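Below are the chains, spelled out letter by letter.
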Amino acid sequence: MMHIDFVDQSLRDGQQSLWGMRMRAYEGAEALPHLARAGYRTIDLTGAGMFTVLLREYYDDPWATLDFQVKNLPGNELRSGLRTISAVGFAPTPQAILDLWIQTLIKHGATSFWLYDCLFDMPTMRHMVNVVRDAGGQPVPAIMYGLTDVHDDAFFADRAREMATWEGVESIYVEDAAGVLKPERARTLLPAIRAAVGEMPLEMHAHNTTGLAQHNYVVAVESGFNRLHTASRPLANGASLPSTEMMVAIIEHMGHTHGLDTSTFAPVAEALTRAAQAGNHPLGVPAEFDPRIYDHQLPGGMTGTLINQLERHGMGDKLPEVLAEIPQVRIDLGSPIMATPFSQFVGIQAVLNIITGDPYSMVPDEVVHYALGHYGPLPSPIAPDVLDRILSTPRAKQFADWTRPDPSLTEIRKNFPAGISDEELLLRFMMSDEEVDAMLAKGPIRTDPRRSASNIVNAITDLIADPGGSTSFAVSTPEYSVKVSKR
């Protein structure tokens, strides 16, 4: 018998996978007090991508959103995701900004960081573990799983073994972002990782795109993993993760213990269902088995975003063609593990190949940098004809001698208004001044969770507040009556 801890993903990867990171403060508000007392080991809360969406799409202040969430989740360890060389977007971020990003998130209450690098640039990963540790945070390095010809069990186990030796690392995180791990592979891979790290706690995070994630969680527990990532049922399954409700039932049936208060499950689910319905967001449903997933390996967290972006540009009908193109692009580019940012590189290149009708005639700068090794060591060589075409472009010649920018924070501040806060500096560095100015002009974020009833409440409030209007208001039905009047 083991004690199994749970990491909640409802507010981060659940809504990222199903809603495209579009959960605003008020949409999660009703669930927060119940999540706060549920007993999760950690609540995964935010990341740079969510900051970007909140600001660019709604002009919501992401720092205020984070503060609201933290305030309403007292006593919980709160987590943020972090790539090793980028804070937002795909371009490498100066180290000074990464350092400030980590320090500022910790200041706001997000103290746990899962760190990932799908090219497994281990010196860079170790450096970022040290940065998080020295800032007072808890680093959790990640083993990002991918189904390729170059990443075998020994590869992943060797990386986990090395991570376990890094000072400050308390647990290691294993993620199947695309949901392509099969139970038969899990039965060799997960015990190998457990053997490599000794007694260190291991976290399992898998998307349920093939309906096999919960089966892999069972194998993980049998292999000695003791932390499972799940989401409340409305934001679970499909491109998201297994539901907390079902995994708790499975863990109990296996004879293991957990520390969750199951009485919180229903109110969290009800609150998130109301938010989904009011915001026209999809609810999570179990996915039908689709063998094509093992070809394109599109990560759960990217699925909703890709669909939204294609639809926004009037190309929603192109999704099947893009999914069919992705497998070849992935192989052409050396079989990178399909998680951020490399899944986006592959996906965007596939879109461009479809749009132009001439593969690799248009190549994003990020793919050029990737081909030149600027993101880290490539897992395997790029297809020679594809590499020739990429390196023959004018941009490749411009980037040939490129090195990662490394200005100091003092130098960076000179490019922005004097006296602005660290929070505003980070937003202005990551996004445009116009976007940040619009956010500031908009004012406070909305935190009131009232939705469908809000129109009625607001109408009544406006009616009574009008000095030249009626002095009383009454509504009656066979079930109830309400009368409001001015004094």
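Model, not experiment: these values are computed from the prediction. (Residues numbered from 1 in each chain as written. Predicted model: local features only at pLDDT ≥ 70, side-chain atom pairs only at ≥ 80, totals over all residues. Heavy atoms only, no water.)

Enquirer: What is the right way to look at the overall build of the chain in this model?
Expert: A tally of regular secondary structure across the chain gives 23 helices and 11 strands. Projected onto the principal axes, the alpha-carbon positions of the chain cover approximately 80 × 55 × 45 Å. For the chain, with 487 residues in total, the buried portion stands at 56%. Look at the contacts in the chain between residues 6 or more apart in sequence, and 76% of them connect residues 24 or more apart. Carbon together with sulfur atoms contributes 53% to the accessible area of the chain, which is approximately 20300 Å² in total. (Helix = DSSP H or I, 4+ residues; strand = E, 2+ residues; numbered from the N terminus. Buried < 20%, exposed > 50% of the residue type's maximum accessible area, 1.4 Å probe, protein only. Contact = heavy atoms within 4.5 Å. Areas by Shrake-Rupley, 256 points an atom, 1.4 Å probe, with all protein chains shown as cover.)

Enquirer: Explain the packing of aromatic side chains to me, please; I cannot follow it from the model alone.
Expert: To describe a pair of aromatic rings, you give the distance between the ring centres and the angle between the ring planes. As enumerated under the stated definition, the model contains 16 aromatic pairs in all. Centre to centre, the rings of Phe120 and Phe155 are 5.3 Å apart; their planes meet at 85°, and the pair counts as edge-to-face. Remark: Phe155 occurs in helix 8 (residues 153-163) and Phe120 occurs in the loop between strand 4 (112-116) and helix 7 (122-134); sequence separation between them is 35 residues. Across this residue pair, the class does not change: Phe120 and Phe155 are buried. With centroids separated by 6.2 Å and ring planes inclined at 65°, the aromatic side chains of Phe120 and Phe156 adopt a geometry described as edge-to-face. (Phe/Tyr/Trp six-rings, centres within 6.5 Å; stacked < 30°, edge-to-face > 60°.)

Enquirer: Where do I start with helix 16 (residues 342-356) in this structure?
Expert: Structural remark: α-helix, 3.6 residues per turn; residues separated by three or four positions point the same way. Helix length check: helix 16 (15 residues) gives 21 Å between terminal C-alpha atoms against 21 Å at 1.5 Å per residue, within 8%. Summarising burial for helix 16: 11 of the 15 residues are buried, a large majority. Immediately downstream of helix 16, the backbone of Gly357 shows phi near 75°, a positive value. (Expected span 1.5 Å × (residues − 1).)

Enquirer: What is the right way to look at the nonpolar core in this model?
Expert: A general tendency of soluble globular proteins is for nonpolar side chains to be buried together. Counting residues in each nonpolar core, the largest one holds 143 residues, and the members touching the most others are Trp101 and Met204. For this core, the element with the highest residue contribution is helix 6 (residues 95-108), accounting for 8 residues. (Core = buried A, V, L, I, M, F, W, Y, C linked by side-chain atoms within 4.5 Å.)

Enquirer: Even after reading the chapter, I still don't get the environment of Met23, so can you show me in this structure?
Expert: Along the chain, Met23 turns up in the loop between helix 1 (10-19) and helix 2 (25-28). Separated by 378 residues in sequence, Met23 and Asp401 have C-alpha atoms that sit 41 Å apart.

Enquirer: Quick question: what am I supposed to make of the packing of helix 4 (residues 48-58) against helix 5 (residues 62-71) here?
Expert: The packing of two helices is summarised by the inter-axis angle and the distance between the axes. Axis separation between helix 4 and helix 5 bottoms out at 9 Å; the angle between their running directions is 120°. Classified by the angle their axes make, helix 4 and helix 5 are oblique. Where helix 4 abuts helix 5, its residues Phe51, Leu54 and Leu55 lie against Pro62, Trp63, Thr65 and Leu66. A class-by-class count of the residues in the contact of helix 4 with helix 5 yields 6 nonpolar, 1 polar and no charged. (Axes fitted to C-alpha atoms, helices over the stretch in contact; angles between N-to-C directions. Parallel < 35°, antiparallel > 145°, perpendicular 65-115°, else oblique. Nonpolar A, V, L, I, M, F, W, Y, C, P; charged D, E, K, R; others polar.)

Enquirer: When you look at the pattern of salt bridges in this model, what are you seeing that I'm missing?
Expert: Side-chain pairs of opposite charge can arise whenever the charged atoms involved come near each other. On inspection of all chains with the given rule, the structure shows 27 salt bridges. One salt bridge connects Asp261 with Arg37, and the closest N-O pair in it is separated by 3.3 Å. With Asp261 in the loop between strand 9 (257-258) and helix 12 (265-278) and Arg37 in the loop between helix 3 (32-36) and strand 2 (42-46), this pair connects stretches of sequence that are 224 residues apart. Salt bridges linked by common partners bring Arg41, Glu77, Arg79, Glu170, Glu203 and Arg227 together as one network. (Salt bridge = Lys/Arg side-chain N within 4 Å of Asp/Glu carboxyl O.)

Enquirer: Help me understand helix 8 in this model?
Expert: The complete set of buried residues in helix 8 reads Asp153, Phe155, Phe156, Ala157, Ala160 and Met163. Tucked into the core, helix 8 has its buried residues touching helix 7, strand 5 (138-144), strand 6 (172-176) and helix 9 (183-197).

Enquirer: What exactly am I supposed to notice about unusual backbone geometry here?
Expert: Excluding glycine, residues mostly have negative phi values, and the peptide bonds linking residues are mostly trans. Each neighbour pair has its own omega, and for Thr340 with Pro341 the value is 0°, a cis peptide bond. Turning to its location among the elements, Pro341 is positioned in the loop between helix 15 (319-332) and helix 16. In this structure, Phe120 takes a positive phi of about 50° despite not being glycine. The class of Phe120 is buried, set by a relative accessible area of 4%. With phi around 60°, Ser335 is a residue other than glycine that occupies positive phi space. Inspection of the secondary structure puts Ser335 in the loop between helix 15 and helix 16.

Enquirer: So what exactly am I meant to see when it comes to the pairing of strand 3 (residues 78-83) here?
Expert: Taken across its 6 residues, strand 3 has 6 buried, putting it largely inside the fold. Along strand 3, one buried face is formed by Leu78, Ser80 and Leu82 and the opposite face, lined by Arg79, Gly81 and Arg83, is buried too. In the sheet, strand 2 pairs with strand 3 via 3 bridges, with the strands oriented parallel. Bridging from a neighbouring strand, Ile43 pairs with Leu78 of strand 3. Sheet analysis places strand 3 next to strand 4, joined by 5 bridges and oriented parallel. Of the residues in strand 4, the one forming a bridge with Leu82 is Leu115. Crossover strand 3 to strand 4 through helix 6 is right-handed. (Pairing = 2+ DSSP bridges. Right-handed = clockwise from strand over helix to strand, strands pointing away.)

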